[in-house]
Amino acid sequence: MSACLDISNLSATLPSGQRVLRSVSLTVQPGEVRALVGESGAGKSMIGKAVLGVLPPSVRIVEGAIRLEGTDLGALSAKERRRLIGAKAALIPQDPLTALNPSRRVGPQMTDRLVHILGWAADKADRRVRQLLDEVHIREPDRVMKAYPHELSGGMRQRVLIAAAFASEPRLIVADEPTTALDVTVQKQILRLIAQLQQEHGTAILFVTHDLGVVAKVSQKVTVLYAGKVVEEADTPALFANPQHAYTRALMAATPKYTDPQASLKPVDESVLAGLAAEIAVADHDWRPHG
Amino acid sequence: MAEPLFKVSGLKVALPDMTRKPLIGSAPLVEILKGLDFELPRRSVTGIVGESGSGKSTLGRALVRLIEPSAGSIHFEGRDIAHLPEGELRPLRRNLQMIFQDPMSSLNPRRTIGAIIAAPLKLNGLGDNLEQRVAEALSRVGLPESFASRYRHELSGGQRQRVGIARALALSPDFVLADEIVSGLDVSTQAQILTLLEKLADEMGLTVAFISHDLSVIRRLCRQVIVMRQGEIVEQGPTDALFADPKHAYTRDLIAAIPLPEIDDEWLKAG
Ligand SMILES: Nc1ncnc2c1ncn2[C@@H]1O[C@H](COP(=O)(O)OP(=O)(O)O)[C@@H](O)[C@H]1O
Ligand SMILES: Nc1ncnc2c1ncn2[C@@H]1O[C@H](COP(=O)(O)OP(=O)(O)O)[C@@H](O)[C@H]1O
Ligand SMILES: [Mg+2]
Ligand SMILES: [Mg+2]
């Protein structure tokens, strides 16, 4: 069986020629949650955008391939690619407020995608959205669908976007820091909800986060990214039991843990950063596009 | 035991609710802090935690008298400053410093870092040897002297926060309010900034009110904690005791909701 998502040797550059993704490879198997973890600027969102075909125009893929259920996105026309991605993949974004149009009611924003991209009949889309709102425990679908985004709480808006993402029965969801803007108690509810729907629907998820705590709780597999380069890849339990890369260990030591305060908030050692810089330099030196 | 630096009793803050302002006339008041009693012991970091909207920032702004309480007292160094007029507050201000999440976002982007740090020095009659004082303030937070001629946009998030700390500490205050100063920073930067704050607080004998939504950070950094919810204090005490035996269900919920970086298959299901 082919992977749900297979990214192989993906490099992307800025107009300056500088690489933002450095020969990235990762897979997400059907029904699996893979965490993509790293600090800001590492390129996590860039990978998500590449998968969803929404890279900024200044960023160019110069090497490698992205396959969705076996189909190479690079081999398709722009139109075919949009259609395939629309049918197979969906996004749960970080900030539900900016992801929603503030001047339109929530309901049509949820059904739009189903009607316009997937070609569903309006009543079928409406039924489907109501079913998903029920699955994310929204008990008053009429009120929520008639509301404007600002009339809902942050947690409620994120529920709406989760429902919208699952509504089209995608094979893959890219969840880009979906709980970063939320309070911890709401975060936990939202993580639980994503996990429940993921299991019930058998959806694969590429779960982007900067939080190793979230990685531990939601994923089976994990890829650690630094400066657009994969520095470690592992089964999630193995990563926490036995982190291989010095950077992974440094991230763990920097992460606060209320159960072990003395082992928390350790600044990353200069030697670790120097080691990373050297690794990047070697990777860039050896790299020849299309070579 | 020495007198606490702050002793606060029955603190209430009411602000106009602009969402319910009638066309003509003033907006009705909403009570945001509903009668708080607490002390901030000297030379010690006190954590203030709670979910967004619980009133943490309002509490901080009342402490440094950016807002005037509607009731209660705020004793600072034994003197009630709750209703002092601005003229009488002015001499106290150098002792009541603040660091915010993005401390430089409110400052003029066309001013150099040096000018930003120098401004409070000049205002407080320390205009002599400015260059040297600015250099000292920068080196205190681990930044090279040359940063004085840089601009805000040339700095990373962590460097900006260092400048925020340098500016707040340039006048060697007794009290520093730190409001979500590491929110939005990466864990590695967060660790650097908090380690720095901890070291300086210790060296300079600072009393710090450390506002954060992250209980794990508070556990590591603060000697005592105040837990807030909807404008009230639900629980307060020494950090060790609070974590060992949280009394209030809300505190227990907050702790239980933290995803620890360790494998626990039950965590998502529980609670
Ligand atoms: N629209 C853009 N144009 C050019 N560079 C960008 C753009 N967006 C992000 N970048 C750069 O690409 C790198 C990766 O960014 P991003 O994928 O957003 O990181 P992450 O999501 O891991 O925080 C960063 O160095 C960032 O500055
Ligand atoms: N200037 C203001 N006018 C009216 N209401 C305010 C004002 N500032 C804050 N509030 C309200 O007071 C409550 C507490 O806010 P805040 O102190 O900022 O909480 P926190 O810092 O814990 O997130 C919130 O409900 C907020 O909407
Ligand atoms: Mg991102
Ligand atoms: Mg606040």
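Scroll up a little and you will see the structure.
None of the values given here were measured: they were computed from a predicted structure.

### What about the overall build of chain A?
(1) Moving on: Looking only at helices and strands, chain A has twelve helices and ten strands in total.
(2) Moving on: In terms of overall dimensions, chain A is globule-like: its C-alpha atoms have a radius of gyration of 20 Å, near the 19 Å expected for 291 residues.
(3) Moving on: When burial is assessed residue by residue, chain A has 43% of its 291 residues classed as buried.
(4) Moving on: If you take every contact in chain A between residues at least 6 apart in sequence, the share linking residues at least 24 apart comes to 67%.

### A few points about the site of ligand 2
(1) Moving on: What surrounds ligand 2 is the set L15, D17, I32, G50, S52, G53, S54, G55, K56, S57 and T58 of chain B.
(2) Moving on: In the shell around ligand 2, the residues fall into two nonpolar, seven polar and two charged.

### Observations regarding the interface of chain A and chain B
(1) Moving on: Taken together, the contact pairs 33 residues of chain A with 29 residues of chain B.
(2) Moving on: For the side of chain A that touches chain B, the secondary structure elements donating two or more residues are α8 (184-201), α9 (212-218), α10 (236-241) and α11 (246-254) of chain A.
(3) Moving on: Top contributing element to the side of chain A that touches chain B by residue count: α8 of chain A, with seven residues.
(4) Moving on: The residue makeup of the side of chain A that touches chain B, split by class, is 18 nonpolar, eight polar and seven charged.

### Focus: the environment of L268 of chain B
(1) Moving on: Counting through the fold element by element, L268 of chain B comes out in the segment after α9 (249-256).
(2) Moving on: Sequence separation between L268 of chain B and H153 of chain B is 115 residues, and the spatial gap between their C-alpha atoms is 40 Å.
(3) Moving on: Residue contacts for L268 of chain B: discarding those within four places in its chain leaves L191, R192, A195 and K217 of chain A.

### Remarks on the site of ligand 1
All names here are of chain A.
(1) Moving on: Taken together, 13 residues form the shell around ligand 1, and within it A42, K44, S45, M46 and P56 come nearest.
(2) Moving on: With three residues, helix α1 (residues 44-52) is the single largest residue contributor to the shell around ligand 1.
(3) Moving on: Broken down by class, the residue content of the shell around ligand 1 amounts to six nonpolar, six polar and one charged.

### Re the sheet that holds strand β1 (residues 5-13) of chain A
Residue and element names in this part refer to chain A.
(1) Moving on: Strand order across the open sheet formed by four strands is β2-β1-β4-β5, with antiparallel pairing between neighbours. Since the sheet does not close on itself, it has two edges, and those belong to β2 (19-28) and β5 (71-72), each with one partner.
(2) Moving on: Two strands pair when backbone bridges link them, and strand β4 (residues 60-68) and β5 are joined in this way by two bridges, in the antiparallel orientation. Bridge pairing links L68 to T71 in β5.

### Points about the sheet that holds strand β1 (residues 6-16) of chain B
Residue and element names in this part refer to chain B.
(1) Moving on: In spatial order, the strands read β2-β1-β4-β5; together these four strands make up an open sheet with antiparallel pairing. Here the strands that pair on one side only, and so sit at the sheet edges, are β2 (29-40) and β5 (79-80).
(2) Moving on: With nine bridges joining them, β1 and β2 adopt antiparallel strand pairing. In the strand pairing of β2, V8 is matched with F38.

### Some details on unusual backbone geometry
Residues and elements named next belong to chain A.
(1) Moving on: Phi at E69 is positive, roughly 45 degrees, even though this residue is not glycine.
(2) Moving on: Secondary-structure assignment places E69 in the loop between β4 and β5.
(3) Moving on: Classification of E69 by C-beta neighbours within 10 Å gives partly exposed; the count is 18.
(4) Moving on: Look at H137: it is not a glycine, yet its phi comes out positive at around 65 degrees.
(5) Moving on: Mapped onto the secondary structure, H137 falls in the loop between α5 (122-135) and α6 (141-146).

### Things to note about helix α5 (residues 157-169) of chain B
Residues and elements named next belong to chain B.
(1) Moving on: In this model α5 runs 18 Å from its N-terminal to its C-terminal C-alpha over 13 residues, within 8% of the 18 Å that 1.5 Å per residue would give.
(2) Moving on: Where burial is concerned, most of α5 is hidden: eleven out of the 13 residues are buried.
(3) Moving on: Among all positions of α5, only Q159, R160, Q161, R162, V163, G164, I165, A166, R167, A168 and L169 are buried.
(4) Moving on: Looking at the buried positions of α5, the neighbouring elements they touch are β6 (96-99), α3 (113-123), α4 (130-140), β7 (175-179) and α6 (187-204).

### Side note on the nonpolar core
(1) Moving on: Membership of the largest hydrophobic core comes to 157 residues, with the highest contact counts inside it found for A163 and L206 of chain A together with A178 and F210 of chain B.
(2) Moving on: With eight residues, the single largest contributor to this core is helix α7 (residues 154-167) of chain A.
(3) Moving on: The residues touching A163 of chain A, leaving out its near neighbours within four places in the chain, are M110, V129, L132, L133, E135 and V136 of chain A.

### Details of the packing of helix α4 (residues 106-117) of chain A against α5 of chain A
Residue and element names in this part refer to chain A.
(1) Moving on: Two numbers describe how α4 lies on α5: the axes approach to 9 Å, and their chain directions differ by 130 degrees. One finds that α4 runs oblique with respect to α5. The handedness of the crossing between α4 and α5 comes out as right-handed. Taking contact as the criterion, the partners of M110, T111, L114 and V115 in α4 are, on α5, A122, A125, D126, R128 and V129.

### Structural notes on the pairing of strand β8 (residues 204-209) of chain A
All names here are of chain A.
(1) Moving on: Here β8 lies mainly inside the structure; six of its six residues are buried.
(2) Moving on: By the alternation rule, side chains of β8 split into A204, L206 and V208 and I205, F207 and T209, which are all buried.
(3) Moving on: Pairing between strand β3 (residues 33-37) and β8: five bridges, direction parallel. By the bridge assignment, V37 is partnered in β8 with T209.
(4) Moving on: Sheet topology places strand β7 (residues 172-176) next to β8; five bridges connect them, and they run parallel. Looking across to β8, one finds that D176 is bridged to V208.
(5) Moving on: In this region the chain leaves β7, passes through α8 and returns to the parallel neighbour β8; the handedness of that crossover is right-handed.

Cut-offs used in this document
- Residues numbered from 1 in each chain as written.
- Chains lettered and ligands numbered in written order.
- Predicted model: local features only at pLDDT ≥ 70, side-chain atom pairs only at ≥ 80, totals over all residues.
- Helix = DSSP H or I, 4+ residues; strand = E, 2+ residues; numbered from the N terminus.
- Rg over C-alpha atoms; globule rule 2.2 N^0.38 Å.
- Buried ≥ 20, exposed ≤ 12 C-beta atoms within 10 Å, placed from the backbone.
- Contact = placed C-beta atoms within 7 Å.
- Near = placed C-beta within 6 Å.
- Nonpolar A, V, L, I, M, F, W, Y, C, P; charged D, E, K, R; others polar.
- Pairing = 2+ DSSP bridges.
- Expected span 1.5 Å × (residues − 1).
- Core = buried A, V, L, I, M, F, W, Y, C linked by C-beta atoms within 7 Å.
- Axes fitted to C-alpha atoms, helices over the stretch in contact; angles between N-to-C directions.
- Parallel < 35°, antiparallel > 145°, perpendicular 65-115°, else oblique.
- Left-handed = near helix turned anticlockwise from the far one by under 90°.
- Right-handed = clockwise from strand over helix to strand, strands pointing away.

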